[in-house]
Amino acid sequence: MPITIPNAFDVARLEAQRPELLREAARRSLAYLETLRARSVAPVPAALEALRALDTPFPDAPSDAAETLSLLDGLGSPAAMASAGGRYFGFVIGGVLPASLAANWLAGAWDQNASMRAGSPSACAIERVATRWIVEALGLAPGTHCSLTTGTTASDITALVAARRTVLLRHGWDVERQGLAGAPPIRGIVGEEVHATMYRALAVVGIGRDQIHRVPVDGQGRMRAEALPVIEGPSIVCVQAGNVNTGAFDPVADICQRVQPAGAWVHLDGAFGIWAAASPRLRHLITGLDQVDSSAADAHKWLNTPYDCGLVSVRDPQALAEALSLSAEYLAQSADDPMNTTLEASRRARGIEVWAALHSLGRQGLAALVERSCALATRFAAGLRAAGHDVLNEVQLNQVLVSFGDAQTTRRVIEAVQRDGTCWAGGSTWQGHAAMRISVSSWATTEDDVDRSLAAILRAAAATFASS
Ligand SMILES: *Cc1c(COP(=O)(O)O)cnc(C)c1O
């Protein structure tokens with residue numbers, strides 16, 4: 001019987017169209033980036049409405065790729081949040097660095113699966129260099145193993161799997177063999193201002209809310225080391241570097257000293273704050289980075305790589321490998337293949353973008369990226385205070401919390417700022433007080449961006465006060 005190949009697409013035609021398609025994609029991407037300084041930071045409501053045109057029934061017939069791209073750009077670009085520009089201060093979201101975006105395009109063309117060397121020797125080799133540079137740049141303990149993940153939450157889960165194995169082994173239980181049922185219960189210990197994602201990560205590894213002890217914190221959200229409970233039984237202490245509201249750092253060295261001799265594992269959430277360690281001027285804010293058993297951080301926040309990219313670092317690589325190693329005949333793997341130290345098997349080659357970010361910045365550029373964000377946050381805080389508004393946190397890092405009075409007024413000012421579109425900042429509640437939260441996390445933010453944003457915020461506050 002002759003074998004018939006379905007001809008809904010034509011390889012020769014797709015290849016012939018590809019060069020122009022990719023040039024067009026680059027042209028449209030540049031046009032998008034060049035609009036960012038002039039447009040509203042939040043997409044205008046009409047742009048979001050127009051997106052509905054993408055919501056058609058699944059097409060029967062193939063479309064011309066140029067038409068697909070044109071539709072996506074025409075509808076998608078105006079509807080995107082301008083977080084790649086200089087005046088987006090929401091959550092902790094950085095704009096992508098040019099070198100890292102360029103690497104992302106190239107890596108897209110390479111289309112490598114960075115699960116193992118047999119699948120992509122180049123992606124694994126580049127990732128190894130990038131992660132070695134990170135361990136060096138952050139001053140983590142020598143011998144620390146760093147892997148790339150999808151983000152801090154995934155990094156927390158990855159590290160906690162190694163933590164779980166280690167603390168249970170110390171109590172005679174091999175969780176990868178025996179499972180969790182019947183295991184000695186593990187106690188999680190966190191600060192009262194722990195990031196919400198840590199509860200989820202702890203739950204995923206089998207540590208439920210009732211098994212978590214919450215340690216009191218000070219006015220900046222720092223865990224009070226002297227208030228730690230006595231360590232009994234298998235315990236995992238989760239500390240943080242960079243509180244998501246205030247930017248404050250737990251006294252990590254002090255905590256390590258108190259709990260590690262009793263057999264507790266210390267895991268650090270350093271989602272964005274860990275990058276302070278890359279600056280000689282700010283490094284003093286973090287203590288104990290070389291003492292923690294594991295840490296989680298993001299590259300997609302303050303290192304300004306594309307989404308998504310997180311880092312997990314573990315001081316005892318053996319614990320991670322024993323908890324996560326896969327083996328199957330066909331995989332022909334080696335022990336240090338990325339899929340043996342992460343939750344994924346197939347994975348995006350994120351190391352290429354991280355390598356490019358770090359290579360393009362160098363040690364000095366990385367320190368400058370972090371330091372300028374902090375200096376610009378201080379500029380924000382000074383301008384807000386000078387106008388008589390109440391800055392709620394000690395601005396040491398890149399985070400500013402400002403109150404405009406009661407919760408309702410503060411919320412109305414935030415809505416007015418977002419509607420105005422000059423900049424974007426979100427809301428939060430800090431120890432009972434409603435606040436607008438400004439996070440300066442992008443290489444692209446300039447003094448002029450801060451001044452224009454500040455003026456817009458002060459205008460929105462004045463208009464809100466006048467109308468109430
Ligand atoms: C953003 C953040 C997280 C979660 O990181 P994801 O990359 O979104 O998973 C955890 N902790 C802190 C302090 C954060 O700022």
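Structural data are supplied above this passage.
Treat the numbers as computed from the prediction; the structure is a model and nothing was measured.

Chemist: So what about the packing of aromatic side chains? Which residues, and what values?
Modeler: Considering all chains together, one arrives at five aromatic pairs under this definition. Taking the centre distance of 5.5 Å and the plane angle of 15° together, the rings of Y88 and W424 count as stacked. Residue Y88 is found in the loop between α3 (65–79) and α4 (98–110), and its partner W424 is found in the loop between α12 (407–420) and β10 (426–430); the two are separated by 336 residues along the sequence. Its relative accessible area of 11% is what places W424 among the buried residues. Ring pairs connect the aromatic residues Y88, F91 and W424, which therefore count as one cluster.

Chemist: Provide a residue-level description of unusual backbone geometry, including the pertinent values.
Modeler: Here the bond from Y307 into D308 is cis, since omega is -10°, no more than 30 degrees from zero. Structurally, D308 can be placed in the loop between β6 (294–298) and β7 (310–314). Phi is positive for D111, which is not a glycine, with a value near 50°. By the element assignment, D111 lies in the loop between α4 and α5 (121–138). Residue class for D111 comes out exposed when judged on its relative accessible area of 64%. Residues other than glycine seldom take positive phi values, yet Q431 does so here, at roughly 45°.

Chemist: Describe the packing of helix α11 (residues 350–386) against helix α13 (residues 447–466), and please don't skip the residues or the numbers.
Modeler: The geometry of a pair of packed helices is captured by two quantities: the angle between their axes and the separation between those axes. Where α11 contacts α13, the two axes come as close as 10 Å, and the packing angle between them is 30°. As far as their axial angle goes, α13 and α11 are roughly parallel. Considering only the axes of α11 and α13, their crossing is right-handed. In contact with L376, R379, F380, G383 and L384 of α11, α13 contributes E447, V450, D451, S453, L454, I457 and L458. Across the contact of α11 with α13, the residue classes break down as seven nonpolar, two polar and three charged.

Chemist: Can you explain the environment of D316? Please cite residues and give values.
Modeler: Residue placement: D316 occurs in the loop between β7 and α10 (317–324). Linking D316 and H145, residues 171 residues apart in sequence, is a C-alpha distance of 7.4 Å.

Chemist: So what's going on with the sheet that holds strand β5 (residues 265–269)? Residues and values would help.
Modeler: Taken together, seven strands build an open sheet; the order of strands is β1-β7-β6-β5-β4-β2-β3 and the sheet is mixed. Edge strands, defined here as strands with exactly one partner in the open sheet, are β1 (145–149) and β3 (212–215). Within this sheet the neighbouring strands show an average axis-to-axis angle of 20°, counted without direction. Packing against the sheet, helix α6 (residues 152–169) makes contact with β1, β4 (235–240), β5, β6 and β7, and its axis sits at approximately 175° to β5. Where helix α9 (residues 252–259) meets the sheet, it contacts β4 and β5, and its direction lies at approximately 170° from that of β4.

Chemist: Please give an account of the site of the ligand that cites residues and values.
Modeler: Taken together, 13 residues surround the ligand, and among them T153, D269, D298, H300 and K301 come closest. Here D269 contributes a side-chain N or O atom positioned 2.6 Å from a nitrogen atom of the ligand. At a separation of 2.8 Å, an oxygen atom of the ligand approaches a polar side-chain atom of D298. When the ligand sits alone it has 380 Å² of accessible area, and the protein chains cover 84% of it.

Reading the values: rules and limits
Along each chain, residue indices are assigned from 1 in the same order as the chain's sequence is written. In view of the model being predicted, local features appear only for residues whose pLDDT reaches at least 70, and side-chain atom pairs are presented and counted only at 80 or more, with totals across whole chains, interfaces and linings using the full set of residues. Neither water nor hydrogens contribute to the side-chain values; these are computed over all heavy atoms in the structure. Each aromatic pair joins two rings of Phe, Tyr and Trp (for Trp, the six-membered one) with centres within 6.5 Å, and gets the label stacked for planes under 30 degrees apart, edge-to-face for over 60, and tilted for any other angle. Under the DSSP-based scheme used, a helix requires at least four consecutive residues in state H or I and a strand at least two consecutive residues in state E, with every element numbered from the N terminus. Under the scheme applied here, a residue whose accessible area is under 20% of the maximum for its type counts as buried, over 50% as exposed, and between as partly exposed, the area being computed with a 1.4 Å probe on protein chains only. Between N-to-C directions, angles span 0 to 180 degrees; the directions come from axes that are lines fitted to C-alpha atoms, helices contributing only their stretch in contact. In what follows, roughly perpendicular refers to angles from 65 to 115 degrees, roughly parallel to angles under 35, roughly antiparallel to angles over 145, and oblique to any angle outside these ranges. By the definition used in this description, the sense in which the near helix is turned from the far one sets the handedness, with an anticlockwise turn below a right angle giving left-handed and a clockwise turn giving right-handed. The criterion used for residue contact is that any of the two residues' heavy atoms lie within 4.5 Å. The residue classification treats Ala, Val, Leu, Ile, Met, Phe, Trp, Tyr, Cys and Pro as nonpolar and Asp, Glu, Lys and Arg as charged. All others, Gly included, are polar. A pair of strands is considered paired only if DSSP assigns at least 2 bridges between the two. Definition of nearness: a residue and a molecule or strand are near each other if at least one heavy atom of the residue lies within 4 Å of the molecule or strand. N or O atoms within 3.5 Å of each other form a polar contact, as long as, within protein, one can give a hydrogen and the other can take it, and as long as residues adjacent in sequence are counted only when both atoms are side-chain atoms. Residue burial considers only the protein chains on display, and all accessible areas are found by Shrake-Rupley using a 1.4 Å probe.

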